[in-house]
Amino acid sequence: MINVKLSTRSLAAARSVDPYVTPAAVHAAVEIAVLEQLREVVSWDPDAIQARIARIEKATGGS
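Residues numbered from 1 in each chain as written. Predicted model: local features only at pLDDT ≥ 70, side-chain atom pairs only at ≥ 80, totals over all residues. Heavy atoms only, no water.

## Thoughts on the overall build of the protein chain
In terms of regular secondary structure, the protein chain is built from 3 helices and 0 strands. Going from N to C terminus, the protein chain has its helices and strands arranged as α-α-α. Radius of gyration (C-alpha) of the protein chain: 14 Å, far over the 11 Å computed for a compact globule of 63 residues. Projected onto the principal axes, the alpha-carbon positions of the protein chain cover approximately 40 × 30 × 15 Å. The buried share of the protein chain, reckoned over its 63 residues, is 8%. A total of about 5,200 Å² of accessible surface is found on the protein chain, and carbon and sulfur atoms cover 62% of it. Of note, the protein chain has its 7 positive side-chain charges centred 7 Å away from the centre of its 7 negative side-chain charges. (Helix = DSSP H or I, 4+ residues; strand = E, 2+ residues; numbered from the N terminus. Rg over C-alpha atoms; globule rule 2.2 N^0.38 Å. Buried < 20%, exposed > 50% of the residue type's maximum accessible area, 1.4 Å probe, protein only. Areas by Shrake-Rupley, 256 points an atom, 1.4 Å probe, with all protein chains shown as cover. Lys, Arg positive; Asp, Glu negative; His and termini not counted. Charge placed at Lys NZ, Arg CZ, Asp CG, Glu CD.)

Here is the structure:
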């Protein structure tokens, strides 16, 4: 099981697409997205993972 903390930012982003989306629906979608990403990167070199994190943080303005 993956423990995902739903931020107000992620809920706000989802509600910008659908104002009636529930926190539970956003949580489930985020949890599945994280799981799919973990399956993709499980075999990556740790340096490649760190580089990806840095690119994402730069693009989104931080962690």
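## Considerations on the layout of surface pockets
If you add up the space inside the largest pocket, you get close to 710 Å³. Those elements giving two or more residues to the lining of the largest pocket turn out to be helix H1 (8-17), helix H2 (23-41) and helix H3 (46-60). In terms of residue class, the lining of the largest pocket is built from 9 nonpolar, 6 polar and 3 charged. (1 Å grid on protein atoms, 1.4 Å probe; cavity = no way out; pocket = protein on both sides within 12 Å on 5 of 7 lines; lining within 4 Å. Points joined across faces, edges and corners; volume = space filled by probe spheres on them. Nonpolar A, V, L, I, M, F, W, Y, C, P; charged D, E, K, R; others polar.)

## What about the environment of Leu6?
Within the secondary structure, Leu6 sits in the segment before H1. In the structure, Leu6 is positioned 24 residues away from Val30 in sequence and 8.3 Å away in space, judged by C-alpha atoms. Those residues in contact with Leu6 that sit more than four places away from it in its chain are Leu11, Pro23, Val26 and His27. (Contact = heavy atoms within 4.5 Å.)

## Digging into the environment of Val34
Its location among the elements puts Val34 in helix H2. A C-alpha to C-alpha distance of 8.7 Å links Val34 and Val4, two positions 30 residues apart in sequence.

## Looking at H3
The end-to-end C-alpha separation of H3 is 21 Å, in line with the 21 Å expected for 15 residues at 1.5 Å each. Capping the start of H3, Asp45 holds a side-chain oxygen 3.0 Å from the backbone nitrogen of Asp47, two or three residues further along. (Expected span 1.5 Å × (residues − 1). Polar contact = N/O pair within 3.5 Å; in protein donor to acceptor, adjacent residues only side chain to side chain.)

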